[in-house]
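Below are the chains, spelled out letter by letter.
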Number of protein chains: 4
Amino acid sequence: MSGNTFGKLFTVTTFGESHGEALGAIVDGCPPGLALCEDDLQRDLDRRRPGSSRHTTQRKEADRVRILSGVFEGETTGTPIGLLIENTDQRSKDYSKIKDQFRPAHADYTYHHKYGRRDYRGGGRSSARETAMRVAAGAIARKYLAARGVEIRGYMSRLGPLEMAFKSWEAVEQNAFFCPDAERVPELEAYMDQLRRDQDSVGAEVTVIAEGVPVGLGEPVFDRLDADIARALMGINAVKGVEIGAGFAAVAQRGSEHRDEMTPDDGFLTNNAGGVLGGISSGQPVVARLALKPTSSITTPGRSVNVQGEAVEVVTKGRHDPCVGIRATPIAEAMMALALMDHWLRQRGQNGEAG
Amino acid sequence: MSGNTFGKLFTVTTFGESHGEALGAIVDGCPPGLALCEDDLQRDLDRRRPGSSRHTTQRKEADRVRILSGVFEGETTGTPIGLLIENTDQRSKDYSKIKDQFRPAHADYTYHHKYGRRDYRGGGRSSARETAMRVAAGAIARKYLAARGVEIRGYMSRLGPLEMAFKSWEAVEQNAFFCPDAERVPELEAYMDQLRRDQDSVGAEVTVIAEGVPVGLGEPVFDRLDADIARALMGINAVKGVEIGAGFAAVAQRGSEHRDEMTPDDGFLTNNAGGVLGGISSGQPVVARLALKPTSSITTPGRSVNVQGEAVEVVTKGRHDPCVGIRATPIAEAMMALALMDHWLRQRGQNGEAG
Amino acid sequence: MSGNTFGKLFTVTTFGESHGEALGAIVDGCPPGLALCEDDLQRDLDRRRPGSSRHTTQRKEADRVRILSGVFEGETTGTPIGLLIENTDQRSKDYSKIKDQFRPAHADYTYHHKYGRRDYRGGGRSSARETAMRVAAGAIARKYLAARGVEIRGYMSRLGPLEMAFKSWEAVEQNAFFCPDAERVPELEAYMDQLRRDQDSVGAEVTVIAEGVPVGLGEPVFDRLDADIARALMGINAVKGVEIGAGFAAVAQRGSEHRDEMTPDDGFLTNNAGGVLGGISSGQPVVARLALKPTSSITTPGRSVNVQGEAVEVVTKGRHDPCVGIRATPIAEAMMALALMDHWLRQRGQNGEAG
Amino acid sequence: MSGNTFGKLFTVTTFGESHGEALGAIVDGCPPGLALCEDDLQRDLDRRRPGSSRHTTQRKEADRVRILSGVFEGETTGTPIGLLIENTDQRSKDYSKIKDQFRPAHADYTYHHKYGRRDYRGGGRSSARETAMRVAAGAIARKYLAARGVEIRGYMSRLGPLEMAFKSWEAVEQNAFFCPDAERVPELEAYMDQLRRDQDSVGAEVTVIAEGVPVGLGEPVFDRLDADIARALMGINAVKGVEIGAGFAAVAQRGSEHRDEMTPDDGFLTNNAGGVLGGISSGQPVVARLALKPTSSITTPGRSVNVQGEAVEVVTKGRHDPCVGIRATPIAEAMMALALMDHWLRQRGQNGEAG
């Protein structure tokens, strides 16, 4: 593969540039008989969509996804599912400046050097817009898994310096930050407003939890469930770190503290493992956290070079989230779903059952 | 694949249980013409070997690796390289107790439920001994890359609560901890001695750095270099977290602080990105950190269940490192090398050159 | 993968049913810098298109392909190329009869039993219409290879009992049969007319030749060039046999006759090997032949069963080629191109050059 | 992958040169709980072994296979199975002549040009000896499938000009030719003796049949069962053609003749399809034929060139079968088994059951 396919048995292949004609995906390997319609995908796409609050980019995307194949009379047929979103809001803008500049912390520099060219309009393939297709494909996996008792949900656990304790899943869906504590929302809004005044951006941390995962998903040695989840989450734009369970806190833990003891009545007493032992799901909730870097596109001028190697001062204007992490929760849920779905089918293939 | 193969063009497939007859690997896709002999592999194997200090398990493994194919007249031929290490130190021990128990925080529980059985002798396939073959295969990648200017080195950056600042690569190789600061070694030894008296274990953090990586390695969207490194490192036994560059510290960073500015004379001024932008190497050093959990096998009794679902008290005796992280540095270097090597060949395949 | 992706480095993933909304493909791994526009693809699509003569199905398909991504300012960018053909000629027809019947020699029976359902409209995914996307993707590979001196061309070498000797490539393009001998065309037309009067169909043989293939493409042991070509060609609808070089005639050959001797001046003196030795291209033309079975959809009644297991008499009406092999030449060229293209990139990845 | 791995869920990776230290394989993805011992593999290895009759090479290979991992207490554990055969009969021979010559119809020429070097001792990796590991791995698949009612058997259906009708499976196992008609054996022996006197070799055709294959194996579009079988069989040394069912005879068939009609009582009335419809198994026996070219190594001098491009006359001495096809039956059975086994697991993964 050349980078745009995820999975082995449940595969998702995507295409599309930010300002190209369309975004699309092919979801291959979905078992037959899953009830599926476009609204099932649209729901998650709408949660990810920019413009859903004043704290995210104001680009208006209809983002209406079409299912072009693989579904017949309301159910999946076992054949590949073609997905398409036409790009409708492609501002005809003057890109002459950005065309030859490498914006700091962007993929401009690496795409240019890897390919000798790049579609500079809106970031091209490196745009966060590319993740729409992951969310659409992830929605299929989520629906399949949900019918088998697996629920995958995420929330923003940190916004820059502000740490949020988990209160309820209901709260998460009722604010644009995916904040799990309704009382903290005004604080987050104030923080974001200040950030905008500062012409700056900030990082975030998202937590994703899959409940109801049966014991047995994951393949030792290299295709461990946690390794594949790490790859899925690190593959999201702007992610710089991934933890499972206790994560980096495990460094300072003692063995007597970290190990999750078990009793016949209560099963595992703690979940430092984050639901994965030896690369295989243990039946506990699978818990992952991801660190997102601050949005690179800010209006505070930065030093850089251009294609000719000359010094330039870059100011990134346009419609950009001051915190890319705010929209990351649905994407993280989708990627977690894709990793679990693939291992679900693999487990069934090798061992004849999954959960 | 079913989990025991790493890579797409440079593939490593391994087999072997801790107390089985042998460990082995097949390295496929190595370009022809690389000078290679068994000593090239043995060097890294010896660095990983248990028993090299009193702070690691006292199991004596000869761990002499044999190259069975793919090398002719001192050079690789382009055909697959077969590697073998016979297991010579398999103590005939009484496993009757451990056989039916699930040791807390071990893979016993998940292997049993996934496969309906397990080779319980010494942890079977889930033993850290399995990583010997990764180190052997990684040594081939390291030698290939070294000849092209890429140097991959690691060190222990934290041992439980003790944080170590980087002083020199020379220091790293002169102590059993891979500690980069010679002055800290007595402190580490004292800490380990106390840990042993406490019948406990502790976690660790390892940092791996690849210098000389050319710009252009990595494939958007899913097969990003950082995503594949995350998978490679999270796939090492006991790893619970992976960071690239600023990692989780990026959460609290401002965009104006995080973005690595560039000037024509000095190139990148900082390296918060950790050498990867948009999933593609930028030409800066690739910097990764991994969190290792404390060794699960400790002699302090722990609550667990057995195969019949009854409560048991588990005491893990035997030869175990009180800090599995101490031996992790060569393994992390090897996995980083495998990820880079595969992307080196992929970049050359797609774009006709690498570096 | 689950069956709808071809290739390892140059990958083609397709979707689409005969009477669904659209057909599509994602071509991933195309090197950057290839000049490409929709007309490059349309040319081959038009050659494959039904309705181009009275001897093929009269379905009118506009089959206008759109390039949705991966091309910028007239050149490929290295990112995935999204292709789409909307289905415009979907007759709203009464499928109530065919819905529950298994047409003899069709995929109806196997799809139904594999998936428990099927999109019965026009054969769904098993329709020859699916091959349009292979032709479109193959056109990209052909253009890339053509610029490097590789020319891939095919012709119909047998139509039922009629065997055609190769006369010229010019002749091939000047008749609807891809017949390499202009003088035989009236005979073929008469044969087809009689076949239609007989309400019957017939098989065909297609020969594909790739000239200019450099020595060195193909990977021993399993991913041999000839093995991958065999898979590519056997994967075309209705193909029941594949030969390389002397093919089945090699069974009766003596070693002294079969072996292609070489001299310094003339190189290989014969080409019984068909351009492949030990799974690797030898620099000679790569020659393959494929056998296509007669079209299964004929109006002569046939015995079969329905979904309920009852006896039925099936008469397949509708727009069907009496010889599916007539349209197979462009598809065979495309699949040969995809196999060669993938090995071109793999060879460059492993050995740093191809040709 | 780089060519030495077969399969997606049930994967076989092999290594080893004819005159290297050992041959080996890793079989990954075998479900747990299969009773397996070395004798299970040895049986098929012995059937393939040279020296089992005076009509095959007189090289004496002990070919004792060892199982190094993945089996515990007599059953597979679900972890990778390591296989090893040490090379014991490596004659220390003078290779100085062959070293710089390209034997006609051998892989010498292509290996040299692909890799810039080759292990010339006994053909290195291109030797038929490499297939021993395929047979060993195939034996595992055969045993798994046999327990589920799938029986895979082959026979020699043509030896040069001599065509053999199928009489009984018992006959096949009672002669060194795998000839299905005991009465023809003296004729075959006489033919081979004459061939040897002529210092020449001849081709052969082998037929492989898998009975008991359930309906539903195979994945449209590219990973069809017949396409993967074609690849598996074309990937055997010396194979130049593969047919499924009617094969090339389908070219001259009418649709009314080719299509396999069905009735409720008798199921399919014929098997021109060879057990595969639309790339998916139909429940009928899967029937494949493969054409093998004559052995290239003959003592009749042939014209060739050497590494320096000079004309040479090549006479291949040494231990060579005058008909490589004689030993091909167990190899063809093994490759058919590997293809079916992989699709068995894939079908179970996607659809939850197989057979």
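So, how was this worked out
- Residues numbered from 1 in each chain as written.
- Chains lettered and ligands numbered in written order.
- Predicted model: local features only at pLDDT ≥ 70, side-chain atom pairs only at ≥ 80, totals over all residues.
- Heavy atoms only, no water.
- Contact = heavy atoms within 4.5 Å.
- Buried area = accessible area lost by both parts, 1.4 Å probe.
- Salt bridge = Lys/Arg side-chain N within 4 Å of Asp/Glu carboxyl O.
- Polar contact = N/O pair within 3.5 Å; in protein donor to acceptor, adjacent residues only side chain to side chain.
- Nonpolar A, V, L, I, M, F, W, Y, C, P; charged D, E, K, R; others polar.
- Pairing = 2+ DSSP bridges.
- Helix = DSSP H or I, 4+ residues; strand = E, 2+ residues; numbered from the N terminus.
- Phe/Tyr/Trp six-rings, centres within 6.5 Å; stacked < 30°, edge-to-face > 60°.
- Lys NZ or Arg CZ within 6 Å of the ring centre and 35° of its normal.
- UniProt positions renumbered as here; feature names shortened; annotations may be inferred.

Turning our attention to the interface of chain A and chain B. Across the boundary between the two partners, chain A contributes 106 residues, which contact 106 residues of chain B. Around 8500 Å² of area is buried between chain A and chain B when both sides are counted, 60% of it from carbon and sulfur atoms. Three residues stand out in chain A for area buried against chain B, namely Lys 114, Phe 222 and Lys 240 of chain A, and they jointly supply 11% of the buried area on that side. Our count for the contact surface shared by chain A and chain B stands at 12 salt bridges. Across the pair Asp 228 of chain B and Arg 231 of chain A runs a salt bridge, and its minimum N-O distance is 2.8 Å. Our enumeration of links across chain A and chain B arrives at 55 residue pairs in polar contact (both at pLDDT 80 or more). By residue class, the composition of the side of chain A that touches chain B is 46 nonpolar, 34 polar and 26 charged. Two elements, strand β11 (residues 239-244) of chain A and strand β11 (residues 239-244) of chain B, share 3 bridges in a ladder whose sense is antiparallel.

Turning our eyes to something else, we now look at unusual backbone geometry. Following Pro 220 of chain B, the chain continues to Val 221 of chain B via a peptide bond in cis, the omega torsion being 15°. As for its position among the elements, Val 221 of chain B is in the loop between β10 (204-211) and α6 (225-234). Non-glycine residue Gln 199 of chain A carries a positive phi angle of around 55°. Even without being glycine, Phe 178 of chain B reaches a positive phi, approximately 55°. Residue position: Phe 178 of chain B is located in the loop between α4 (169-172) and α5 (185-197).

Taken as a whole and judged by the stated rule, the model has 34 aromatic pairs over all chains. Connected via pairs of aromatic rings, a cluster forms that spans Phe 102 and Tyr 109 of chain A together with Phe 268 of chain B. Directly above the ring of Tyr 144 of chain B sits Arg 148 of chain B, whose terminal nitrogen or CZ lies 3.7 Å from the centroid.

The subject of this paragraph is the UniProt feature "binding site: FMN" (unreviewed entry) in chain A. Mapped onto this numbering, the UniProt entry annotates "binding site: FMN" (unreviewed entry) at Arg 125, Ser 126, Ser 127, Asn 237, Ala 238, Gly 278, Lys 293, Pro 294, Thr 295, Ser 296, Ser 297 and Arg 319 of chain A. On the secondary structure map, Ala 238 of chain A appears in the loop between α6 (225-234) and β11. Positionally, Pro 294 of chain A belongs in the loop between β16 (286-292) and β17 (302-305). In contact with Pro 294 of chain A, not counting residues within four places along its chain, are Ser 201, Val 202 and Gly 203 of chain A together with Ala 250, Gln 253, Arg 254, Gly 255 and His 258 of chain B.

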